[in-house]
There are 2 protein chains.
Amino acid sequence: MLRLYDYSDSGNGYKVRLLMAQLGLDFELIEKDILRGETRTGEFLRLNPNGRVPLLQLEDGTCLAESNAILCYLAEGTPYWPAERLQRAQALQWLFFEQYSHEPNLATARFWLRHFGALDPLRQALLEQKRTLGYAALGVMEGPLGKRPFFVGGRYTIADIALYAYTHVADQGGFDLGAYPAVRAWLERVRAQPRHVPMLPA
Amino acid sequence: MLRLYDYSDSGNGYKVRLLMAQLGLDFELIEKDILRGETRTGEFLRLNPNGRVPLLQLEDGTCLAESNAILCYLAEGTPYWPAERLQRAQALQWLFFEQYSHEPNLATARFWLRHFGALDPLRQALLEQKRTLGYAALGVMEGPLGKRPFFVGGRYTIADIALYAYTHVADQGGFDLGAYPAVRAWLERVRAQPRHVPMLPA
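Residues numbered from 1 in each chain as written. Chains lettered and ligands numbered in written order. Predicted model: local features only at pLDDT ≥ 70, side-chain atom pairs only at ≥ 80, totals over all residues.

**Describing the relation of the copies chain B and chain A**
Here is the rule we go by: Least-squares superposition of the copies uses the C-alpha atoms of those residues scoring a pLDDT of at least 70 in each of them. Contacts are defined on C-beta atoms placed from the backbone: any two residues whose C-beta positions lie within 7 Å are in contact.
Under the fitted operation, chain B is carried onto chain A by 0.0 Å of movement along the axis and a turn of 180 degrees, and the coordinates agree to an RMSD of 0.0 Å. With respect to symmetry, the two chain copies, as superposed, fit the operation of a two-fold axis. Interface residue correspondence from chain B to chain A reaches 100%, placing this contact among same-surface, isologous pairings.

Here's what the structure looks like:
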């Protein structure tokens with residue numbers, strides 16, 4: 001059986017859990033508490049030298065890291081991954097945008113606000129920068145979502161799954177989606193997909 | 001003809017230029033000086049709302065952003081992109097690692113040191129953090145490169161191209177590769193590939 005090393009509160013992990021639920025894939029979930037350093041132990045670093053979750057372990061023991069690479073692997077040959085070359089590249093464009101321009105701002109702001117009390121001056125200054133860059137990323141999403149229902153090829157793909165993960169909890173990082181109506185309408189469309197599951201168990 | 005909007009000193013742009021040289025693809029190069037804000041003009045933002053280079057414009061006018069997505073698009077069906085599903089996922093794992101754990105540290109440190117004089121206190125504190133994280137990323141690369149010639153499937157792929165771009169100029173960001181002999185040997189192997197071109201014209 002597939003094994004997923006994950007941290008429940010991780011949006012990156014949620015991407016993989018959501019796709020696996022929608023694909024109907026069974027998997028064993030192994031919780032690693034990043035706040036307790038459980039992804040930095042010698043044992044875990046042998047599985048992923050980069051010390052991060054989510055990490056997917058295949059049945060032969062091979063480990064695959066990086067949430068968006070795991071999404072691509074699992075989605076290949078399914079309706080969640082475009083069959084056409086340019087659309088695949090466009091989906092990848094959004095996946096790289098998510099990891100470079102979106103997640104480091106929205107997810108990191110959320111993590112700090114949820115898990116740290118008062119921020120030190122460096123983090124406080126960085127938080128303001130992340131606020132600016134995070135809103136810029138939401139602005140980049142608002143444009144295309146005002147014109148089409150999903151990011152690529154008119155249908156729900158892993159590009160939507162990847163961007164949904166931290167956008168739907170943007171408020172937990174102090175982001176207000178009020179000025180992004182197309183993003184909010186898209187969040188509803190993603191939530192309405194068959195076999196959708198929430199980030200954390202109710 | 002393919003058109004590449006790029007900034008000569010960008011390692012992200014170099015990835016695309018290197019692959020296109022190795023594939024023997026002709027393209028029109030349009031220089032955009034990011035230091036003069038040329039990627040933030042209204043005209044350019046219509047091509048890429050995220051305001052970044054490299055940007056590949058296809059013959060039908062479609063624009064594709066994100067250096068690593070462009071690499072995947074161009075490499076499909078060529079020896080630079082693995083034909084096997086797990087190897088493709090492993091290549092993507094390294095591409096996402098590059099954009100999340102490597103480039104934001106090595107490339108940003110290099111950019112600041114090359115283009116700014118004295119760093120303000122926030123940037124100085126961040127530079128120290130980037131130093132730590134950048135060396136950690138080099139450590140993650142050192143492990144597998146000590147055991148195999150290239151990152152994926154025993155052959156040179158776009159995973160190598162993506163990671164070569166900012167690793168081979170790591171010294172310009174103040175990184176010393178002395179403690180990473182496997183990385184240094186791999187840089188030589190990449191440089192020895194057929195039709196290799198340097199980052200900047202001699």
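**What about the domain arrangement of chain A?**
Residue and element names in this part refer to chain A. As a reminder, the rule being used: For each domain, the first and last residues come from an automatic or database assignment. We count a stretch as a helix when DSSP gives it H or I for four or more residues in a row; a strand needs E for two or more, and each element gets its number in order from the N terminus. We call Asp, Glu, Lys and Arg charged. Ala, Val, Leu, Ile, Met, Phe, Trp, Tyr, Cys and Pro are nonpolar, and the rest, Gly among them, are polar.
Once the domains are mapped, chain A shows domain 1 (2-75) and domain 2 (85-191). Computed over C-alpha atoms only, the centres of domain 1 and domain 2 are separated by 21 Å. Contact residues are listed per partner, giving 11 residues for domain 1 and 11 residues for domain 2. Put simply, the parts of the chain that give the side of domain 1 that touches domain 2 at least two residues each are helix 1 (11-23) and helix 3 (67-75). The dominant element in the side of domain 1 that touches domain 2, judged by the number of residues it contributes, is helix 1, at 6 residues. For the side of domain 1 that touches domain 2, the class distribution of residues is 7 nonpolar, 3 polar and 1 charged.

**Thoughts on unusual backbone geometry**
So the rule is basically this: In this scheme the burial state of a residue depends on its C-beta neighbours within 10 Å: 20 or more other such atoms mean buried, 12 or fewer mean exposed, and anything in between means partly exposed; the C-beta positions come from the backbone.
In this structure, A:Pro54 follows A:Val53 across a cis peptide bond, with omega equal to 0 degrees. Of note, the phi angle at A:Arg195 is positive, near 60 degrees, even though the residue is not glycine. Turning to its location among the elements, A:Arg195 is positioned in the segment after helix 7 (181-191). On the basis of neighbour counts, which here come to 10 C-beta atoms within 10 Å, the residue A:Arg195 falls in the exposed class. Non-glycine residue B:Glu66 carries a positive phi angle of around 75 degrees.

**A closer look at the pairing of strand 2 (residues 27-31) of chain B**
Residue and element names in this part refer to chain B. Worth spelling out the cut-off: Any two strands with at least two DSSP bridges between them are considered paired. Classification remark: right-handed applies to a crossover when, strands pointing away from the viewer, the course from the first strand over the helix to the second runs clockwise.
Two strands pair when backbone bridges link them, and strand 1 (residues 2-6) and strand 2 are joined in this way by 5 bridges, in the parallel orientation. Within the sheet, the bridge partner assigned to Tyr 5 lies in strand 2 and is Ile 30. Read as a crossover between parallel neighbours, the route from strand 1 over helix 1 (residues 11-23) to strand 2 is right-handed.

**Some points on the interface of chain B and chain A**
Residue-level contacts link 25 residues of chain B with 25 residues of chain A. Secondary structure elements with two or more residues in the side of chain B that touches chain A: strand 4 (63-65), helix 3 (67-75), helix 4 (85-115) and helix 5 (121-145) of chain B. Per element, the largest residue contribution to the side of chain B that touches chain A is 10 residues, and it comes from helix 4 of chain B. Considering only residue class, the side of chain B that touches chain A consists of 15 nonpolar, 7 polar and 3 charged.

**Comments concerning the sheet that holds strand 1 (residues 2-6) of chain A**
As a general point, the strands of a sheet are linked pairwise by backbone hydrogen bonds and lie either parallel or antiparallel. Residue and element names in this part refer to chain A. This is how it is decided: Each axis is a line fitted through C-alpha atoms, taken for helices only over the stretch in contact, and angles between the N-to-C directions span 0 to 180 degrees.
With mixed pairing, 4 strands are arranged side by side in an open sheet as 2-1-3-4. Here the strands that pair on one side only, and so sit at the sheet edges, are strand 2 (27-31) and strand 4 (63-65). Going across the sheet, the axis of each strand differs from the next one's by a mean of 20 degrees, ignoring polarity.

**Some remarks on the environment of A:Ile70**
Residue and element names in this part refer to chain A. Residue placement: Ile 70 occurs in helix 3. Sequence separation of Ile 70 and Val 16 is 54 residues, and the distance between their C-alpha atoms is 7.0 Å. In this structure, Ile 70 is in contact with Val 16, Pro 54, Leu 56 and Leu 64, ignoring residues within four places of it in sequence.

**Concerning the environment of A:Gln87**
Residues and elements named next belong to chain A. For Gln 87, the position within the fold is in helix 4 (residues 85-115). Classification of Gln 87 as partly exposed rests on a count of 18 C-beta atoms within 10 Å. For the pair Gln 87 and Phe 151, spaced 64 residues apart in the sequence, the C-alpha separation amounts to 9.8 Å. Excluding residues that lie within four positions of it along the chain, Gln 87 makes contacts with Pro 82, Val 152 and Gly 153.

**Comments concerning the pairing of strand 1 of chain B**
Bridge count between strand 1 of chain B and strand 3 (residues 55-57) of chain B: 3 bridges; the pairing is antiparallel. Looking at the pairing, B:Leu4 lines up with B:Leu56 of strand 3 of chain B.

**Observations regarding the sheet that holds strand 1 of chain B**
All names here are of chain B. With mixed pairing, the 4 strands of this open sheet are ordered in space as 2-1-3-4. Strands at the two margins of the open sheet, each flanked by one partner only, are strand 2 and strand 4. In this sheet, adjacent strand axes meet at a mean angle of 20 degrees when their direction is disregarded.

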